[in-house]
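Chain and residue survey
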Amino acid sequence: MAGFIIRRLGVMALTALCMTFIVFLLTNLQPNLEKLAKTQAGARITDAEVASWIDRNGYGAPMLTRYGEWLGVLPAPLATDADGRAVGGRCLRGHPGLAADEVPRFCGVLQGDWGYSTKFRRPVTEVIAERLQRTGLLMAWAFATMVPLALIVGVLAGMREGSALDRGLSTLSIATTSTPEYVSGVIFVALFASSMVGLKWFTGSAKSAVEGATFQNFTLPVATVALYGMGYIARMTRASMAEVMTAQYIRTARLKGLSFRAVVLRHALRNALIAPFTVIMLQFPWLLTGVVIVEALFVYPGFGDALVQGAQNNDIDLLLAVSVVAVIVVLATQLLSDIGYALLNPRIRVA
Amino acid sequence: MTTPSSRADTRSDRTHPAARMYAREHRAGLMDRREFLGRATALGLTSAAAYALIGQPEPARAQTVPQRGGTLRIQMDCRELADPRTYDWSEKANETRGIIEYLAELRRDGTLRPMLLERWQANEDATEYTLHIRPGVTWNTGEPFTAKDVAANLDGWCDTSVEGNSMPSRMAAMVEDGKAAEGAIEIVDDLTVRLHLLRPDGTLMFGMADYPAAVMHRDKIGTSVADHGIGTGAYMFEEFKVGERIVLVRNPDHAYWGDGAWLDRIEFLDYGTDPSAWLAGADADEFDVTHETVSDFIDIFSALGWVESSVGTSSTVVIRPNQEAEVDGVRPYADVRVRRALALAIDNSVPLELGISGRGRESRNNFHVAPDVHPDYAEIEAHRQDIPEALRLMEEAGMMDYEHELVSIDDDYRKNTTDAVAAQLRDAGFKVRRTVLPGSTFWNDWTKYPFSSTNWAHRETGIQLLNLAYRSTAAWNECGFRNVEFDALLDQATAIADDTERRAVMARLERIMVDEGVAIIPYFRALYRHAKPGVLNIEMHPKYEINVHHLGWA
C-alpha cells in the first residue's frame with residue numbers, strides 16, 4: 001500500500017512537471033510576453049517600451065533558464081539602475097522598494113515561492129488559497145446536494161427497470177444532464193431572481209456570497225452545478241443498479257422470501273454503488289474546472305474565475321500554480337477512488 | 001455649502017482679456033454658453049466670475065447637501081493600479097480619486113473647478129500660467145502640500161522616458177527633449193508656481209484636470225498609490241482586490257481640506273463586462289450605482305426604478321483603416337480611394353441606430369470634432385452616403401475583390417456599431433470578414449490592426465483629440481495617418497487661443513480628415529448612469545469621473 005502511494009506521488013510530481021513546462025512554454029511565447037507588458041505598463045505603450053519592460057522585469061532570458069528560475073534551481077537575475085537600485089526582476093515582483101542586496105537570489109517553487117500574480121497584484125499562494133476556499137465551499141454544497149439526490153434517483157429508477165417510476169426519473173436525469181450550465185443558469189436567474197418574472201426568491205448574483213453564503217445568494221449557483229452533475233451520476237447508478245438486480249444472488253435472496261426492501265438495501269445497494277463511485281470521484285476535477293461557467297454567470301470570484309482572469313491577462317505564475325493544483329486534484333481523486341474501490345469491493349486488492 | 005470655487009470668488013482676480021473677448025463673442029452669439037464657460041474657466045476665471053462676465057448669475061449647485069455618513073456601493077471594473085501617469089482607464093482614477101487628488105476638476109457642464117489649486121491665471125496669449133496653491137492642504141502624512149510637490153508633479157508629467165506616461169502629450173507646450181523645458185516650471189514661493197510655455201496653449205489646464213494627472217507626493221512620483229497610500233484625499237484603502245472589490249474608508253488620522261467626504265465607506269464592486277451580470281447584481285440589491293449603463297440596459301435599469309442621468313459627449317467609436325498596415329505584403333489602405341470608398345458606403349445614422357439605439361447624435365461628417373460639445377467645432381459640409389461613387393472609387397483602386405477584415409472588441413455597443421458598418425459595406429458590394437476579439441486581447445495591438453474599431457473617450461476640445469490621435473508623431477495615431485499639411489495646421493490651431501479664429505483652421509483640419517478618408521466616425525455618444533433614488537452628486541460625467549468626496553445619501 002505504501003509503495004503504491006509513493007509511486008502515485010512520483011507520477012503526480014512528474015505529471016505536474018510536464019504540465020507546468022507546457023503551460024510555461026505557451027505563456028512565455030513572445031506575443032504573450034508583449035501582451036503581459038501592455039497589461040502591466042499601460043495598454044498603449046510603444047514597441048520600444050515593451051522591449052525594455054520585458055528585459056528589465058526578468059522576462060528577457062532564454063525560456064529554459066526562466067523555467068529553472070521558476071522551479072528555483074537557477075538564480076534569478078536582478079535589474080538595477082545606474083545608482084545600483086533594484087528596478088526589476090523575478091524576485092522583486094511584489095516587493096517594490098526592496099534594496100538590491102535584500103532581494104533573494106533564488107525565488108522559485110523549491111524555495112516555497114510560487115511567484116507573484118501580475119493580474120491580482122498579490123502573491124500567487126494567497127490568490128490560490130482564497131479562491132480554492134471559495135470554490136471549495138461551492139463544491140461542497142454542490143456535492144452535498146448532488147450525490148445523495150443522484151443516488152436516490154438512480155437507485156429508485158434502477159430497482160424496477162422499465163417501470164413508470166424508472167421512465168419518469170430517467171427522463172428527468174437525462175434532461176438535467178443534457179442542459180448545459182449556461183442554459184440552466186440563465187433560466188434559473190430569469191425565473192427565480194429577476195424583476196422580470198418577479199419571484200425574486202433568490203439572487204442572481206453570488207458576489208455577496210464572498211462575505212457569507214446564505215440560502216438566498218448561494219442556492220442558484222449550487223443548484224446549477226448540482227443539477228448538471230446529478231443526471232449523469234443518476235444514470236450511472238441506474239444502469240449499475242439495474243444490472244445488479246438481474247444477478248443470480250438477488251433472485252436467490254428473493255426466492256428465500258426476503259422483502260423487496262431488504263433485498264435492495266442490504267444486498268443490491270453496496271454492489272450497485274461501485275460503478276457510480278468512480279463517476280463521483282471523477283466529478284471532483286470536473287467540478288474544479290467546470291465551475292468556470294457558473295462562477296462567471298453568478299459573478300462568484302472563485303478558482304474558475306482566477307483561471308479565466310489568469311488566462312486573459314497572461315498571468316504566468318498564476319497559470320502555473322493553477323495547473324499544478326489541477327494536476328494534484330485529478331491524481332489525488334484517482335488515488336482516492338482506487339483506494340475506495342478496494343474498500344467497497346474486497347475482490348480488488350491495491351498493490 | 002461653501003464650495004471651493006465660491007470661496008475663491010471673494011478674491012478680486014484680474015479678468016483675463018481673452019475672457020472678456022469670449023464674453024463679447026458669447027453676447028454676439030458666436031459662442032454658446034457652455035463653450036464660453038469652458039474657455040473662460042480654463043484661463044483662470046472662477047465659474048461665478050465667468051457667469052458674471054456674461055451678466056448671468058451662477059446657477060446654484062448641489063441644492064441638497066448629502067448627509068454625513070453611510071456606505072455607497074458602486075458597480076465598476078476594479079483595475080490594478082500603477083503610476084497614475086500611466087493610467088489608461090478612467091476607472092483607475094476613480095479608484096484613487098479619494099486618496100490622490102487633482103489640481104483642478106472638470107465639471108459636468110464643461111467648466112473647471114479648482115481643487116488643490118485655489119485659482120490660476122493665464123497671461124494674454126496663454127504662454128504663462130500662474131498657479132496659486134490652496135493654502136491649508138496637507139498630505140495624510142501630516143506634511144503640508146506645497147509648490148515643491150506641484151513642481152515635482154509637473155516635472156513628472158513632462159517626462160517622456162517613463163513607459164506608458166500619457167501626460168507629456170497633454171503638457172506638450174512645456175516639453176522639450178523628452179522632459180520639461182529648461183525654466184518652464186518656476187517655483188515663485190511656497191504656494192505659487194509659474195509656468196513658462198514654449199508656445200501658447202489654452203487647453204493646458206484641461207490636461208491637468210485629466211485623469212492621469214493625479215497629484216502624488218513629491219517623493220513618490222512614479223509609484224502606485226496602492227503601495228503606500230500617501231495622498232491629500234480624505235479616504236484610504238481598506239481592501240484592494242483587483243477584479244473583485246475595492247473598499248475605501250475615511251482616513252481617521254487625516255484632516256481633509258474640503259467640505260466633502262460625506263460617506264464613511266465606498267465599495268467598488270467588479271461584475272465583469274457582461275451587463276446582464278450587472279442587472280443580476282442590481283436585482284440582488286448588491287450595489288447602488290452603475291459605473292455606466294449601456295444599450296438596452298438603460299431602459300431596463302430605469303424600469304427598475306433607478307434614477308437615470310445622461311450627458312452628451314464627444315466619445316465615439318472610430319472605425320478606421322490603418323494606412324501603414326501591411327496585409328500579405330501590400331498596404332490595402334495606403335490608397336485614399338479605398339478609404340474614401342469605405343466612408344462613402346456608410347450612412348452614419350445606421351450605426352447610430354443599430355450600435356447605440358440612437359443614444360447619441362449623428363456626426364456631421366467623418367471628422368473627430370463633436371458638434372455642440374467641442375467649443376472649437378467648425379461646421380463643414382455634411383456627410384452623405386454615396387454608394388455608386390464608393391463603388392467607382394473602389395473599382396478604380398482595383399480593390400473590389402479584396403476581403404476587408406474588420407476587427408472589433410467583443411462587447412455590446414462597439415461590436416454592434418462595427419457590425420452595422422460591416423453590414424453596410426457588404427450591402428454596398430464590398431467583401432468584409434468580421435473578427436471579434438475579447439477585451440483582454442483586443443487592446444494588445446489596437447493601433448496595428450489593418451481595419452478595426454476603437455472607442456475614444458471624451459476630450460474637452462476638438463484640437464486635443466486631433467493632436468492625440470491624428471498627429472504624425474502621436475503615440476495613439478492608430479490610423480497610420482501622417483500628413484505634413486495636417487501637422488502644420490495642427491501646430492497653427494493649437495497656438496490659437498481665440499475660438500473664432502481657430503475655427504477657420506479647424507474647418508481645414510476637418511476637411512482634410514474627410515477628404516483623406518482617415519476614419520469613419522459615425523456618431524457621438526451620450527453616456528448614461530443609473531443610481532438608486534437618494535444618491536447625490538453621482539450624475540454621469542462626460543469623462544466617467546467619480547469623485548468620491550462629493551458623493552452621499554440624501
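Residues numbered from 1 in each chain as written. Chains lettered and ligands numbered in written order. Predicted model: local features only at pLDDT ≥ 70, side-chain atom pairs only at ≥ 80, totals over all residues. Heavy atoms only, no water.

As recorded by an unreviewed UniProt entry, chain B carries the name Peptide/nickel transport system substrate-binding protein and is attributed to Rhodovulum visakhapatnamense. Its UniProt record gives chain B the following Sequence similarities (unreviewed entry) comment, quoted word for word: "Belongs to the bacterial solute-binding protein 5 family." The UniProt entry for chain B carries the following text under Subcellular location (unreviewed entry): "Periplasm". (UniProt positions renumbered as here; feature names shortened; annotations may be inferred.)

By the naming in an unreviewed UniProt entry, chain A goes by Peptide/nickel transport system permease protein and is assigned to Rhodovulum visakhapatnamense. Per UniProt, chain A has the following entry under Subcellular location (unreviewed entry): "Cell membrane". Among the UniProt annotations of chain A, the heading Sequence similarities (unreviewed entry) holds the following wording: "Belongs to the binding-protein-dependent transport system permease family."

Once that is clear, we can look at the packing of aromatic side chains. A complete count under the given rule lists 28 aromatic pairs over all chains for this structure. Pairing Phe 192 of chain A with Phe 202 of chain A gives two aromatic rings, centres 6.3 Å apart and planes at 75°, and the pair type is edge-to-face. Of this pair, Phe 192 of chain A sits in helix H7 (residues 181-192) while Phe 202 of chain A sits in the loop between H7 and helix H8 (215-245), and the two are ten residues apart along the sequence. Here Phe 202 of chain A falls in the buried class, since its relative accessible area comes to 14%. With centroids separated by 6.0 Å and ring planes inclined at 65°, the aromatic side chains of Trp 443 of chain B and Trp 446 of chain B adopt a geometry described as edge-to-face. By relative accessible area, Trp 443 of chain B is classed as buried at 8%. Overall, Trp 446 of chain B belongs to the buried group, its relative accessible area being 2%. Ring-pair connections join several aromatic residues into one group, and the members of that group are Trp 89, Phe 442, Trp 443, Trp 446, Tyr 449, Trp 456 and Trp 476 of chain B. (Phe/Tyr/Trp six-rings, centres within 6.5 Å; stacked < 30°, edge-to-face > 60°. Helix = DSSP H or I, 4+ residues; strand = E, 2+ residues; numbered from the N terminus. Buried < 20%, exposed > 50% of the residue type's maximum accessible area, 1.4 Å probe, protein only.)

Attention shifts here to the domain arrangement of chain B. Buried accessible area, meaning the area lost when the parts come together, often serves as the stated size of an interface. Residues and elements named next belong to chain B. Per the domain assignment, the segments making up chain B are domain 1 (17-54), domain 2 (81-227), domain 3 (235-305 + 534-553) and domain 4 (316-526). Taking the mean C-alpha position of each, domain 1 and domain 2 sit 24 Å from one another. Taken together, the eleven residues of domain 1 in the interface contact 15 residues of domain 2. Roughly 1000 Å² of surface becomes buried between domain 1 and domain 2 when both sides are summed, with 55% attributable to carbon and sulfur atoms. Counting the surface domain 1 buries against domain 2, the share from its top three residues, Thr 41, Ala 42 and Leu 43, is 40%. Taken together, the connections running from domain 1 to domain 2 amount to zero salt bridges. (Domains from an automatic or database assignment. Contact = heavy atoms within 4.5 Å. Buried area = accessible area lost by both parts, 1.4 Å probe. Salt bridge = Lys/Arg side-chain N within 4 Å of Asp/Glu carboxyl O.)

Taken together, the 32 residues of chain B in the interface contact 35 residues of chain A. Counting each side, the surface lost to burial between chain B and chain A is near 2900 Å², with a carbon and sulfur contribution of 47%. In terms of surface lost to chain A, no three residues of chain B exceed Glu 163, Glu 244 and Asn 444 of chain B, which account for 22% of the buried area on that side. Linking chain B with chain A are seven salt bridges, by the criterion used here.

Here we come to the pattern of salt bridges. All names here are of chain B. A complete count under the given rule lists 56 salt bridges over all chains for this structure. Of the charged contacts in the structure, one is a salt bridge between Arg 337 and Asp 335, with a shortest N-O distance of 2.9 Å. On the accessibility criterion, Arg 337 (29% relative accessible area) is partly exposed. Across the salt bridge formed by Asp 376 and Arg 502, the nearest N and O atoms sit 2.7 Å from each other. With Asp 376 in the loop between strand S16 (360-362) and helix H14 (387-397) and Arg 502 in helix H19 (residues 499-515), this pair connects stretches of sequence that are 126 residues apart. Residue Asp 376 shares its accessibility class with Arg 502, and that shared class is buried.

Residue and element names in this part refer to chain A. Applying the stated criterion across every chain, the model contains one disulfide over all chains. Here Cys 91 is linked by a disulfide to Cys 107, with a sulfur-sulfur distance of 2.0 Å. Measuring handedness by torsion sign, the sulfur bridge of Cys 91 and Cys 107 sits at about -90° and is left-handed. You can see Cys 91 sitting in the loop between strand S2 (86-88) and strand S3 (116-117) and its partner Cys 107 sitting in the loop between S2 and S3, a full 16 residues away along the chain. Assigned by exposure class, Cys 91 and Cys 107 land together as buried. (Disulfide = S-S within 2.5 Å.)

This part is about the UniProt feature "domain: Solute-binding protein family" (unreviewed entry) in chain B. In the numbering adopted here, UniProt assigns the feature "domain: Solute-binding protein family" (unreviewed entry) to residues 112-457 of chain B. Taken end to end, residues 112-457 of chain B is 26% helix and 24% strand, and its first and last C-alpha atoms sit 18 Å apart.

All names here are of chain A. Per the domain assignment, the segments of chain A are domain 1 (35-113) and domain 2 (125-344). A C-alpha centroid distance of 42 Å is found between domain 1 and domain 2. Interface area for domain 1 against domain 2, summed over the two sides, is near 590 Å², with a carbon-plus-sulfur share of 60%. Considering only the surface of domain 1 that becomes buried against domain 2, Lys 35, Leu 36 and Trp 70 emerge as the three largest contributors, covering 65% of it. On the surface where domain 1 and domain 2 come into contact, there are two salt bridges. Between Asp 317 and Arg 93 there is a salt bridge, and its shortest N-O distance comes to 4.0 Å.

Gaps left between atoms show up when a probe the size of a water molecule is rolled over them. Residue and element names in this part refer to chain B. Enumeration according to the criterion identifies ten cavities of 30 Å³ or more in this entry. Within this model, the largest cavity holds a volume of roughly 120 Å³. As for the largest cavity, its lining consists of Arg 34, Glu 35, Gly 38, Arg 39, Leu 106, Gly 110, Phe 206, Val 373, Pro 375, His 458, Glu 460 and Thr 461. Ranked by residues supplied to the lining of the largest cavity, first place goes to helix H3 (residues 33-42) with four residues. Grouping the constituent residues of the lining of the largest cavity by class yields four nonpolar, four polar and four charged. By volume, the second largest cavity is sized at about 100 Å³. Taken together, Glu 292, Thr 293, Val 294, Ser 295, Ile 298, Ile 356, Arg 359, Tyr 413, Arg 525, Ala 526, Leu 527 and Tyr 528 make up the lining of the second largest cavity. Considering each element in turn, the lining of the second largest cavity owes the most residues, four residues, to strand S20 (residues 523-531). Of the domains in this structure, domain 3 (235-305 + 534-553) and domain 4 (316-526) are the two that each give at least three residues to the lining of the second largest cavity. (1 Å grid on protein atoms, 1.4 Å probe; cavity = no way out; pocket = protein on both sides within 12 Å on 5 of 7 lines; lining within 4 Å. Points joined across faces, edges and corners; volume = space filled by probe spheres on them. Nonpolar A, V, L, I, M, F, W, Y, C, P; charged D, E, K, R; others polar.)

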